[in-house]
Amino acid sequence: MARPGGSHLARSQPRAVSPGRTIRRFIVRFALTWTLAYMLLVFLPGIESAVQRATTVSVGLTLRMAQVPVEIRDATLNMDGVTFEVIPECTSLIASILLLSAMVSFPTAPRVKALGVVAGLTGLWLYNMLRVMVLLGLAVHDPDLFSFIHLYLSQAVTLVFVWALFVTWLRVAVARAGT
Amino acid sequence: MTSPGLGWSARFIAWAAVFFCVYWMSSDRYQQGLTAVLQLCLPAVGLGEVVIDRVQIYAPSEIGVYAAMCLASVRTPWRRRLGALAIGAPLLAALELVAVLGMAAAAVHLPKHVGPGVARRLADFPVNTVLLVDASLVWLALLGATEIPFLRSGSRAKESAPRGSRR
């Protein structure tokens, strides 16, 4: 339906936003959200310990469902006499706030952000469960390979995985916003 | 949204695998060097009495990730990509040093004020930021405008779409 008056039409046109300015805004929002979310973790330690326990229980129960005998106690798993403590770095918490900060800072519809956050955090949780199970298996059967994967590979793969999730979501978000 | 995005991801993963090998082979020596430089810088932040045996922060994995991002880029000419690498890599190394200095200062000074648990998490903040965030932000700042038209088009789509019109 045509609107009367040219001024309304002119106002409804998209403003020209320079790519550099959009990027700068995104970077500032991202840095602020990351800092804020991280500070919540720093000053609310209950979040970290709850996620540690949840990670331990979810990994332990999954292994039991796969008929792998494993003992779960607080934030530790015991398998074949090897005790594996799930420390904060073994959880998906930091990677999750990284992904969440990037998605929340991106200029798109709140619904698309919410869907991205839910799907992304679920994906990261599952990825991290797999990572911990692999590390646990290596700790029992091949301690040398465990050290290599734990010290070198795991951090880099996690970062690449977060980027892959974000880029995939970005493509979906922009495709939806453009429709 | 067609193949360039997917192509970027595949190239990024391939380059990341190459730089992972470099990181794996150089990490110990790199962190020894970082420790030596850090030891020289500690007096500047009032920690002259602190002795650090060894820094273990997964460095320089983030520089490898950054290099992979630069080399995987497609929309920017090679010369600019290499320029971004030449500017960004030393910048990330400098940020690493600042982060480790911040970590050391937090580990020494904070426990008296906030308790050991909070101090540990606060001390980890600069290092986690350097390792997980800085490479992406430097890449976005230097190459993002040409490499990610998503950001520009996403912003415009949001501004131009009437409320409730998005599916």
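Please refer to the structure higher up on the page.
Please read these numbers as outputs of a predicted model, since none were measured by experiment.

A. Quick look at the sheet that holds strand β3 (residues 82-85) of chain A. Residue and element names in this part refer to chain A. An order of β1-β2-β3 is seen for the three strands of this open sheet, with the pairing classed as antiparallel. Single-partner strands in this sheet number two, and they are β1 (71-73) and β3. Pairwise comparison of adjacent strand axes, ignoring direction, gives a mean angle of 20° for this sheet. As defined by bridge partners, strand β2 (residues 76-79) adjoins β3 across four bridges and the pair is classed as antiparallel. For Leu77, the partnering residue across the bridge sits in β3 and is Phe84. Contacts from helix α3 (residues 45-65) reach β1 and β2, with the element oriented near 165° to β1. Docked against the sheet, helix α5 (residues 110-141) engages β2 and β3, running at close to 150° with respect to β3.

B. Representation of the pattern of salt bridges within the structure. For the structure on display, the rule yields five salt bridges over all chains. A salt bridge links A:Glu48 to B:Arg120; the shortest N-O distance between them is 2.9 Å. With A:Glu48 in helix α3 and B:Arg120 in helix α5 (residues 116-147), this pair bridges two chains. Overall, A:Glu48 belongs to the buried group, its relative accessible area being 11%. Residue classification places B:Arg120 among the partly exposed positions, given a relative accessible area of 35%. Measuring nitrogen to oxygen at the nearest pair gives 2.8 Å for the salt bridge that ties B:Arg54 to B:Asp28. With B:Arg54 in the loop between α1 (3-41) and α2 (61-72) and B:Asp28 in helix α1, this residue pair connects regions lying 26 residues apart in the sequence.

C. Structural context of the packing of aromatic side chains. Residues and elements named next belong to chain A. Within this structure, the stated rule accounts for 16 aromatic pairs over all chains. Ring geometry for Tyr127 and Phe161: centres 4.6 Å apart, planes at 20°, overall stacked. Placement of the pair is Tyr127 in helix α5 and Phe161 in helix α6 (residues 143-178), with a sequence separation of 34 residues. The class for Phe161 is partly exposed, based on a relative accessible area of 27%.

D. Inspection of unusual backbone geometry at higher detail. The peptide bond linking B:Ala59 to B:Pro60 adopts the cis configuration, its omega dihedral lying at -5°. Its location among the elements puts B:Pro60 in the loop between α1 and α2. The residue A:Gln67 is not glycine, and still its phi comes out positive at about 65°. Mapped onto the elements, A:Gln67 comes out in the loop between α3 and β1. The backbone phi angle of A:Asp74 is positive, close to 50°, even though this residue is not glycine. With respect to the secondary-structure elements, A:Asp74 resides in the loop between β1 and β2. Classification of A:Asp74 by relative accessible area gives exposed; the value is 62%.

E. Representation of the packing of helix α4 (residues 93-105) of chain A against α5(A) within the structure. All names here are of chain A. Where α4 meets α5, the closest approach of the two axes is 10 Å, and the angle between their N-to-C directions is 160°. Overall, the two elements α4 and α5 adopt an arrangement that is roughly antiparallel. For the crossing formed where α4 meets α5, the hand is right-handed. Contact residues: α4 offers Ala95, Ser96, Leu99, Leu100, Met103 and Val104, while α5 offers Lys113, Gly116, Val117, Gly120, Leu121 and Leu124.

F. The packing of α2(B) against α5(B), seen in detail. All names here are of chain B. Two numbers describe how α2 lies on α5: the axes approach to 9 Å, and their chain directions differ by 30°. The pairing of α2 with α5 is recorded here as roughly parallel in orientation. For the crossing formed where α2 meets α5, the hand is right-handed. Contacts between α2 and α5 involve Ser61, Glu62, Tyr66, Met69 and Cys70 on the former and, on the latter, Val130, Leu131, Ala135, Ser136, Val138, Trp139, Leu142 and Leu143. Its residues placed into classes, the contact of α2 with α5 shows 10 nonpolar, two polar and one charged.

G. Summary view of the nonpolar core. A:Phe166, B:Phe12, B:Tyr66 and B:Trp139 are the most contacted members of the largest nonpolar core, which totals 62 residues. The element best represented in this core is α5(B), accounting for 11 residues. Setting aside its immediate chain neighbours within four residues, B:Tyr66 contacts B:Ala84, B:Leu85, B:Gly88, B:Ala89, B:Leu92, B:Ala135, B:Val138, B:Trp139 and B:Leu142.

Scoring rules and cut-offs
- Residues numbered from 1 in each chain as written.
- Chains lettered and ligands numbered in written order.
- Predicted model: local features only at pLDDT ≥ 70, side-chain atom pairs only at ≥ 80, totals over all residues.
- Heavy atoms only, no water.
- Pairing = 2+ DSSP bridges.
- Helix = DSSP H or I, 4+ residues; strand = E, 2+ residues; numbered from the N terminus.
- Axes fitted to C-alpha atoms, helices over the stretch in contact; angles between N-to-C directions.
- Contact = heavy atoms within 4.5 Å.
- Salt bridge = Lys/Arg side-chain N within 4 Å of Asp/Glu carboxyl O.
- Buried < 20%, exposed > 50% of the residue type's maximum accessible area, 1.4 Å probe, protein only.
- Phe/Tyr/Trp six-rings, centres within 6.5 Å; stacked < 30°, edge-to-face > 60°.
- Parallel < 35°, antiparallel > 145°, perpendicular 65-115°, else oblique.
- Left-handed = near helix turned anticlockwise from the far one by under 90°.
- Nonpolar A, V, L, I, M, F, W, Y, C, P; charged D, E, K, R; others polar.
- Core = buried A, V, L, I, M, F, W, Y, C linked by side-chain atoms within 4.5 Å.

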